[in-house]
Amino acid sequence: MSAWRAVCDLDRLKAETIVRVHVAGLDVLVIWNEGDIIACDRACPHEQADLGLGQVRAGRLYCPRHAASFDLCDGAINSGWSSPPLRLYTVRITGEQIWIEMQERQPRR
Ligand code: FES
């Protein structure tokens, strides 16, 4: 089951690059990545650092704790690290409004 949730407007995202939102009980980041919009979990899947304090460079989100980075296309961590992928959410835009699709979560294995 899924539901679309409005999270922020495009002008705000362009101005801030990373917007932290709390939606459907989850902490999520909305990221402006060189013209693309990405939504992902705020907690790093490695050791739960706050990725909202990270940096976006060249299509990757860098974690502030260990400086590992995640591919914003598929959530994969860079080589040399062992971690589940960063959870990404489907995004759409209507007018200036950004929406993300919240899926019912399956437990990680
Ligand atoms: S906590 Fe994010 S890379 Fe370790």
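Throughout what follows, the structure given in this document is the object of discussion. The shown structure was predicted, so the numbers you read here are calculated from the model rather than taken from an experiment. (Residues numbered from 1 in each chain as written. Predicted model: local features only at pLDDT ≥ 70, side-chain atom pairs only at ≥ 80, totals over all residues. Heavy atoms only, no water.)

1. Digging into the pattern of salt bridges
Using the following cut-off: By definition, a salt bridge exists where a carboxyl oxygen of Asp or Glu is found within 4 Å of a side-chain nitrogen of Lys or Arg. To qualify as a helix, a DSSP run of H or I must reach at least 4 residues; to qualify as a strand, a run of E must reach at least 2; elements of each kind are numbered from the N terminus. Burial classes: relative accessible area under 20% of the type maximum marks a residue as buried, over 50% as exposed, and values in between as partly exposed (1.4 Å probe, protein chains only).
Here the structure, examined in full by the defined rule, presents 3 salt bridges. Of the charged contacts, one joins R12 and E16 as a salt bridge, the two residues approaching to 3.2 Å between their closest N and O atoms. Pair noted here: R12 and E16 are both in helix 1 (residues 10–16), with a separation of 4 residues, about one helical turn. Across the pair R42 and D50 runs a salt bridge whose closest N-O atoms are separated by 2.8 Å. Accessibility expressed as a relative area gives 23% for R42, which makes it partly exposed. For D50, a relative accessible area of 22% translates into the label partly exposed.

2. Description of the sheet that holds strand 10 (residues 97–103)
Note the cut-off: A pair of strands is treated as paired once DSSP finds two or more bridges between them. Note on geometry: axes are lines fitted to C-alpha atoms, helical ones only across the stretch in contact, with angles between N-to-C directions running from 0 to 180 degrees.
Strand order in the open sheet formed by 3 strands is 1-10-9, and the pairing between neighbours is antiparallel. A single partner strand is all that each edge strand has here, and the edge strands are strand 1 (2–9) and strand 9 (91–94). Averaged over neighbouring strand pairs, the angle between their axes works out to 35 degrees when direction is ignored. As paired elements, strand 1 and strand 10 share 7 bridges and run antiparallel to each other. Residue W4 lies in a different strand from strand 10, and its bridge partner there is E101.

By themselves, these figures tell us nothing about what the structure is for.
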